[in-house]
Each structure stands twice: as C-alpha cells, then as structure tokens.
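This is what each chain is made of:
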Amino acid sequence: LFAAVLAALLLGRAPARAAGPDVSARIAGVERRAAGRSVALVELTVGNGWHVNAHLPTESFLVPTELRLRLAGGGALPVRYPDGELKRFAFWEKPLRVYAGTVVFQADVSLPGDGSGPIALEGEVSFQACSDAQCYPPAKVALSATLSPR
C-alpha cells in the first residue's frame, strides 16, 4: 500500500488541491486625533491573484467585506471603509467593486481617561475571497490587540 501511494504521488496522480485564498488582517495601530479622539487602523491584505468584494459591492448578491471592531468588553465602533476599485473579470459582464492588495479600514475610538494608556481592541473581518476562476465560501479573521495610541 505504501508503495502504491508513493508511486501515485511521484507520478502526479494524487488529487489536485486548489490553493486557498491568501487573505490576512491585523489591527495596525491607533492614531491619536484632536479632542481625545483616536482612530484604530485595520489592514486587510489580499494576496496576488485574489480579491474580496468591497463593503458596498456592485451587485446585491455579492458578500460584502465587513469589519466588526470594539473596545474589549465594549460596544461596536463606527467603521469607515475604503471605496474599493472597479475591476473587470472574465466571469461577469460588468465591473465589480473589490479590494485587492492592502486596504485600510478606520474605526473611531474614544480613549478612556487621559488617553495615554494602552487600549484593548477585538473583533473580526468577514469577507468572501475569489480568484478569476472561483470563489471560496465566506470566511472570518479574528482580530485582537492591545495598543498604545501614537
């Protein structure tokens, strides 16, 4: 049996497996703004050959990219999304609004106290990653970080 499996692998008869989507996300930092306000920055990086639908996709049936971010143990923070870019794909007749490469989402944060200490953020980014040939099921990336505003 071992010899048969080894032979199949060496001869290329093993089942072909598609590479999964190359998508990652991280809380990149917290920037201090005026009047005790700050902005949390979340980076979504989509690898070459992949894209995810923008937060406001061009077609109602497409799965939007969504960021849910909150202070640890607190309520949801309001998020500002980038517009995305319009791209044409062989599988659809109209351009689609997508994110590709690295995009940054912004969430407004009210800093507790004097705003000098670290703050804990948690949340998730949900998306549906696609290549030019196929789309994968919707997925989520969990986010968590404790950062000091800069």
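Parameters at a glance
Residues numbered from 1 in each chain as written. Predicted model: local features only at pLDDT ≥ 70, side-chain atom pairs only at ≥ 80, totals over all residues. Heavy atoms only, no water. Helix = DSSP H or I, 4+ residues; strand = E, 2+ residues; numbered from the N terminus. Buried < 20%, exposed > 50% of the residue type's maximum accessible area, 1.4 Å probe, protein only. Contact = heavy atoms within 4.5 Å. Areas by Shrake-Rupley, 256 points an atom, 1.4 Å probe, with all protein chains shown as cover. Pairing = 2+ DSSP bridges. pLDDT = per-residue confidence, 0-100. Phe/Tyr/Trp six-rings, centres within 6.5 Å; stacked < 30°, edge-to-face > 60°. Disulfide = S-S within 2.5 Å. Polar contact = N/O pair within 3.5 Å; in protein donor to acceptor, adjacent residues only side chain to side chain. Axes fitted to C-alpha atoms, helices over the stretch in contact; angles between N-to-C directions.

So, about the overall build of the protein chain. In terms of regular secondary structure, the protein chain is built from 1 helix and 11 strands. For the protein chain, the N- to C-terminal ordering of α and β elements is α-β-β-β-β-β-β-β-β-β-β-β. Sorting the 150 residues of the protein chain into buried and exposed places 34% on the buried side. Residue pairs in contact within the protein chain that sit at least 24 positions apart in sequence constitute 64% of those at least 6 positions apart. About 8,800 Å² of surface is accessible on the protein chain, with carbon and sulfur atoms providing 56% of the total.

Bringing the sheet that holds strand 7 (residues 92-99) into the picture now. Taken together, the 4 strands give an open sheet; going across it, the order is 6-7-3-10, and neighbouring strands pair in antiparallel fashion. Of all the strands in the sheet, just strand 6 (85-89) and strand 10 (129-130) have a single pairing partner and so form its edges. Alignment of strand 3 (residues 51-53) against strand 7, held across 2 bridges, turns out to be antiparallel. Paired with Val52 across the strands is Tyr99, a residue of strand 7.

What follows deals with the confidence of the model for the protein chain. When pLDDT drops low, the exact placement of atoms in the prediction is not to be read closely. Averaged over the protein chain, the pLDDT score is 84; the fraction of residues at 70 or greater is 83%. The low-confidence segment residues 1-18, where pLDDT is below 50, has 5 contacts with residues more than four positions distant or belonging to other chains.

To describe a pair of aromatic rings, you give the distance between the ring centres and the angle between the ring planes. With the rule as written, the count across this model stands at 5 aromatic pairs. Plain terms: the ring middles of Phe61 and Trp92 are 5.3 Å apart, the flat faces sit at 65 degrees to each other, and that makes the pair edge-to-face. Here Trp92 lies in strand 7 and Phe61 lies in the loop between strand 3 and strand 4 (66-71), a separation of 31 residues in the sequence. For the pair Tyr99 and Phe105, a centre-to-centre distance of 5.7 Å together with 75 degrees between the ring planes defines the contact as edge-to-face. This pair shows no difference in class: Tyr99 is buried, exactly as Phe105 is.

Our focus in this paragraph is the state of the cysteines. Following the criterion strictly, the structure yields 1 disulfide and no others. A disulfide bridge connects Cys130 with Cys135, and the sulfur atoms are separated by 2.0 Å. Here the disulfide of Cys130 and Cys135 is right-handed, its torsion about the S-S bond being about 105 degrees. For Cys135, a relative accessible area of 45% translates into the label partly exposed.

One can find Ser131 in the loop between strand 10 and strand 11 (139-147). One polar contact links the side chain of Ser131 to the main-chain amide nitrogen of Ala133, over a distance of 3.1 Å. Apart from the residues lying within four places of it in its own chain, the contact partners of Ser131 are Gly49, Trp50, His51 and Phe91.

This part is about the sheet that holds strand 9 (residues 119-127). Read from one edge to the other, the open sheet built from 3 strands follows the order 4-9-11, with strand pairing classed as antiparallel. Either end of the sheet is taken by a strand with one partner, and the two such strands are strand 4 and strand 11. In this sheet, neighbouring strand axes are inclined to one another by 15 degrees on average, regardless of whether the strands run parallel or antiparallel. Relative to strand 11, strand 9 runs antiparallel, the two sharing 9 bridges. Each residue of the ladder has a partner; that of Ala120, found in strand 11, is Thr146.

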